[in-house]
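Listed below are the residues making up each chain.
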Amino acid sequence: MVVGGGITGLAAAYELTLAGVPVLLVEASDRLGGKVWTKRVEGFLIEAGPDSFISYRPAATELARELGLGGSIIGTTEPRRVFIRARGAMVPMPDGMGLVLPTRIGPFVTTPLFSWPQKLRAGLDLILPRRLDGEDVSIGAFLRHRLGRAMVDRLADPLLGGIYGAPVDDLSLFAVVPQLRDYEREHRSLLLASLAQGRAARARASGSPAGSLFLSLEGGLGSLVDALAAAIRGAPDAEIRLSAPVAALEREGSRTAVRLADGTRLEPDAVVLAAPAPVAAALLADELPVAAAAIRAIPHGTTGVVTLAYAADAFARPPEGHGVLVAADEPLAFGACTFTSSKWAGRAPAGTVLVRAFVPERSAALLGGPDDAIVAAIHGDLRRLFGVRAGPLVRDVARWTDAMPRYTVGHLGRVAAVEAATTGRPEIAVAGAAFHGVGVPECVARGRAAARRVAALVGSGVEAAAVAGAA
Ligand SMILES: Cc1cc2nc3c(=O)[nH]c(=O)nc-3n(C[C@H](O)[C@H](O)[C@H](O)COP(=O)(O)OP(=O)(O)OC[C@H]3O[C@@H](n4cnc5c(N)ncnc54)[C@H](O)[C@@H]3O)c2cc1C
């Protein structure tokens, strides 16, 4: 049985059907997808949650291909330019930026994003000795030591802070960017390691067209959810139940019984618990209190996605590139914005501009207020930056309250504690964005892995009885 119909739970349920295990997926809300939420409004395709998956983690691409969506995988459109708003100016991100580090020296040396003293400070990394000693540290502290404050404030924080919904001074180096730890261990200098990686990647890619770092689907990420749901529903002995929140997990002899909020009691052989971590912790509180406490120790942040559509001629200065990352000390309500209509084909009718803005934790107070106030704040930012002179044609506000798992320093220890506390109960597999990666590909991979673990345990006849009994 699978609890939670987000991408993790759907991937788990799909994997169980492939293993020939009867499966019941129960979802609390009246729709599948969880944070993956594609909406179509007046000809616009709006992603209220994620808008893409990263290309170098293959699990989402592989799943899309398996489900017959290979032909509708799309990359971002050229030119793939992103700007950084820092000290009141809009500066293009230097070409060849990898994960917060340059992979080409030329664009980094010539970028106006940093002053010469700041570039020289970053260059100190070339001679600094190794610093890490096996203890996790914050990304901010580590990078500030090696590369200086400006690299953190203008690159690392806007890039990573937005994805993980937390300042880099809180985020775990080991959990979020372990490759930077490996760079230091293997090469000592992060810059030398990144430049070497860049050369190797360019040699590998020579002769083939440059790929897109971010991928999506023609019909939005919701089409992956729809395809998963269709595959699950089409499998024998598989059922998806919506508006069916789980209220409790209860010990039943050597098994775990599941009680739904409507009083239905199910006795599956095994449970993949793919609800958001705070819900998972509450459901495990009686059965596995140590695991519940370990899960509760993973903090969650709040964010919002505000999507506004405009007539193109509403912009006095048409926005360039794919979007803007905002340094934390800029007086703007959004932390980043994407020009969806420039970044992806097929998201907006001709003659319009579709903007997707992220409301960061530092503006979280806005999210507590009415939609009108949030929209006015984001519209005001766009007016200041691009001279927008007419109101939006379409608006969508998505609030994600306490929904972003934050991989803070020590995260890997907390995950190890959750795993240690659940080893005695192999019939319960906990999976989801809070543990081994927040991205859609990691959620898919971990959901499928959790399903394979429980499939090995399951006596299919019993699970089938649970499904039939509950129907
Ligand atoms: C604004 C935003 C933008 C993002 N952008 C990207 C991006 O561009 N690329 C990327 O890779 N990732 C992105 N992410 C991260 C990614 O979307 C999520 O980490 C991922 O979708 C989480 O999937 P999940 O299935 O683990 O959890 P969820 O999507 O939270 O699914 C959990 C499900 O469990 C259900 N549930 C809750 N309680 C119960 C209960 N008691 N019983 C039964 N069901 C229950 C919920 O209703 C929900 O459907 C973004 C996230 C957010 C919020």
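Since this is a predicted model, take the numbers as computed values, not measurements.

**A word on the domain arrangement of the chain**
In many analyses, interface size is given as the accessible surface area lost on bringing the parts together.
For step 1, the next point in the chain: Taken domain by domain, the chain consists of domain 1 (2-34 + 228-299 + 409-470), domain 2 (82-205) and domain 3 (300-405).
For step 2, the next point in the chain: In this complex, domain 1 contributes five residues to the contact, which on the side of domain 2 involves nine residues.
For step 3, the next point in the chain: Summed over both partners, the interface of domain 1 with domain 2 buries about 490 Å², with 72% contributed by carbon and sulfur atoms.
For step 4, the next point in the chain: Ranking the residues of domain 1 by area buried against domain 2 places V409, L412 and V438 at the top, with a combined share of 82%.
For step 5, the next point in the chain: Joining domain 1 to domain 2, the criterion identifies zero salt bridges.
For step 6, the next point in the chain: Seen at the junction of domain 1 and domain 2, the total is two residue pairs in polar contact (both at pLDDT 80 or more).
For step 7, the next point in the chain: Looking at the side of domain 1 that touches domain 2 residue by residue, the class counts come to three nonpolar, two polar and no charged.

**Description of the side chain of S72**
For step 1, the next point in the chain: Note on placement: S72 falls in the loop between α2 (59-66) and β6 (73-75).
For step 2, the next point in the chain: Residues in contact with S72, not counting those within four places in the same chain, are S216, L217 and E218.

**Side note on helix α6 (residues 149-164)**
For step 1, the next point in the chain: A rise of 1.5 Å per residue sets the reference length of α6, with its 16 residues, at 22 Å; its end C-alpha atoms lie only 20 Å apart and thus fall more than 12% short of the reference.
For step 2, the next point in the chain: Along its length, α6 reaches its greatest deviation from straightness, about 50°, at A156, and the proline P158 lies no more than four positions downstream.
For step 3, the next point in the chain: Within α6, burial applies to A150, M151, V152, R154, L155, A156, D157, P158, L160, G161 and Y164.
For step 4, the next point in the chain: Just past α6, the residue G165 takes up positive phi, approximately 60°.

**Comments concerning the packing of helix α5 (residues 139-147) against α6**
For step 1, the next point in the chain: For the pair α5 and α6, the least separation of the axes is 8 Å and the interaxial angle reads 145°. The interaxial crossing formed by α5 with α6 has right-handed handedness. Where α5 approaches α6, its residues I139, G140, L143, R144 and L147 are matched on the opposing element by R149, M151, V152, A156 and L160.
For step 2, the next point in the chain: Residues belonging to the contact of α5 with α6 are distributed by class as follows: seven nonpolar, one polar and two charged.

Parameters at a glance
Residues numbered from 1 in each chain as written. Predicted model: local features only at pLDDT ≥ 70, side-chain atom pairs only at ≥ 80, totals over all residues. Heavy atoms only, no water. Domains from an automatic or database assignment. Contact = heavy atoms within 4.5 Å. Buried area = accessible area lost by both parts, 1.4 Å probe. Salt bridge = Lys/Arg side-chain N within 4 Å of Asp/Glu carboxyl O. Polar contact = N/O pair within 3.5 Å; in protein donor to acceptor, adjacent residues only side chain to side chain. Nonpolar A, V, L, I, M, F, W, Y, C, P; charged D, E, K, R; others polar. Helix = DSSP H or I, 4+ residues; strand = E, 2+ residues; numbered from the N terminus. Expected span 1.5 Å × (residues − 1). Bend = angle between axes of the 7 residues up to and from the residue. Buried < 20%, exposed > 50% of the residue type's maximum accessible area, 1.4 Å probe, protein only. Axes fitted to C-alpha atoms, helices over the stretch in contact; angles between N-to-C directions. Left-handed = near helix turned anticlockwise from the far one by under 90°.

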